[in-house]
Amino acid sequence: MLYHRTNLTASRPRPNLQGSYHYGRIKVTRTIRQANSAGFINGRGRYGINSVSFVSPNTPLKLAEYFKIGGVLCLGIIPDKPTFGGMGLETSVMAADFRSFVEIVFENNDDTVQSWHLDGYNAFVSRVSVESIPSSINMGYPTRAT
């Protein structure tokens, strides 16, 4: 006699632990305030982040990381808060801990639009400050986290 056992629990909904985050309850491990800055270095106008202006290295950053070439990039040079001090030149990269929940605040004190490049796993815009966007150009951007 052939006995066939049916698993009745196979098709029922199960908790999804990977997708069950309540983002309002996740503890922020680090807050980084990045303010754009402008200044003159060696007679040339430069832009920077928290008073540090990026300089392209001779060795590409990914190659330096892969082959563990020292002295190409500087981790931790950019402070987590704006200093509004004198500008400096560095090949700077901001580091973060793996799987940490980092809040990044972008501050633009200029009259021009600044573009930012984020390289990482995920990034979400959660809020745009109402004070920084005049109502005449606010095209329905979210003004608070939902």
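Under an unreviewed UniProt entry, the protein chain has the name Plastocyanin-like domain-containing protein and belongs to Coptis chinensis.

When its secondary structure is counted, the protein chain shows one helix and seven strands. In sequence order, the protein chain lays out its α and β elements as β-β-β-α-β-β-β-β. Every one of the 146 residues in the protein chain was classed for burial, and the buried ones make up 15%. In the protein chain, once contacts between residues fewer than 6 apart in sequence are set aside, the share between residues at least 24 apart is 61%. Total accessible area on the protein chain is roughly 12,800 Å²; 54% of this is exposed by carbon and sulfur atoms.

Our focus in this paragraph is the environment of K27. Among the secondary structure elements, K27 is positioned in the segment before β1 (30-41). For K27, a relative accessible area of 70% translates into the label exposed.

Moving on, we come to the environment of F84. Note on placement: F84 falls in the loop between β4 (74-75) and β5 (88-90). Taking the C-alpha atoms as reference points, F84 and S51, separated by 33 residues in sequence, lie 6.2 Å from one another. Aside from chain neighbours lying at most four places away, what touches F84 is A35, S51 and N109.

Two side chains bearing opposite charge may form a pair once their charged atoms approach each other closely. One pass over the full model with this rule turns up two salt bridges. In this structure, the salt-bridge partner of D80 is R30, at a minimum N-O distance of 2.8 Å. Note that D80 is positioned in the loop between β4 and β5 and R30 in strand β1, a separation of 50 residues in sequence. Using a relative accessible area of 27% as the deciding quantity, one classes D80 as partly exposed.

A separate point is the packing of aromatic side chains. The relative placement of two aromatic rings is captured by the distance of their centres and the angle of their planes. Taken as a whole, this structure holds one aromatic pair when the rule is applied. With centroids separated by 4.9 Å and ring planes inclined at 85 degrees, the aromatic side chains of Y66 and F67 adopt a geometry described as edge-to-face. F67 shares its class with Y66; the two are exposed.

About the criteria used
- Every chain is numbered independently, its residues counted from 1 as its sequence is written.
- Reporting in this predicted model follows two pLDDT cut-offs: at least 70 for local features of residues, and 80 or more for side-chain atom pairs to be given and counted; totals over whole chains, interfaces and linings ignore these cut-offs and use all residues.
- The basis for every side-chain value is the complete set of heavy atoms in the structure, and neither hydrogens nor water enter the calculation.
- Secondary structure follows DSSP: runs of H or I at least 4 residues long count as helices, runs of E at least 2 residues long count as strands, and numbering of each begins at the N terminus.
- Burial classification: accessible surface area is computed with a 1.4 Å probe over protein chains only, and a residue below 20% of its type maximum counts as buried, one above 50% as exposed, and the rest as partly exposed.
- Residue contacts follow a heavy-atom distance rule, with two residues in contact if any of their heavy atoms lie within 4.5 Å.
- Accessible areas in this description were obtained via Shrake-Rupley with a 1.4 Å probe; residue shielding takes into account the shown protein chains only.
- Salt bridges are defined by distance alone: a side-chain nitrogen of Lys or Arg within 4 Å of a carboxyl oxygen of Asp or Glu.
- Each pair of aromatic rings taken from Phe, Tyr and Trp, with Trp reduced to its six-membered ring, is defined by centres within 6.5 Å and is described as stacked if the planes are under 30 degrees apart, edge-to-face if over 60, and tilted in the remaining cases.

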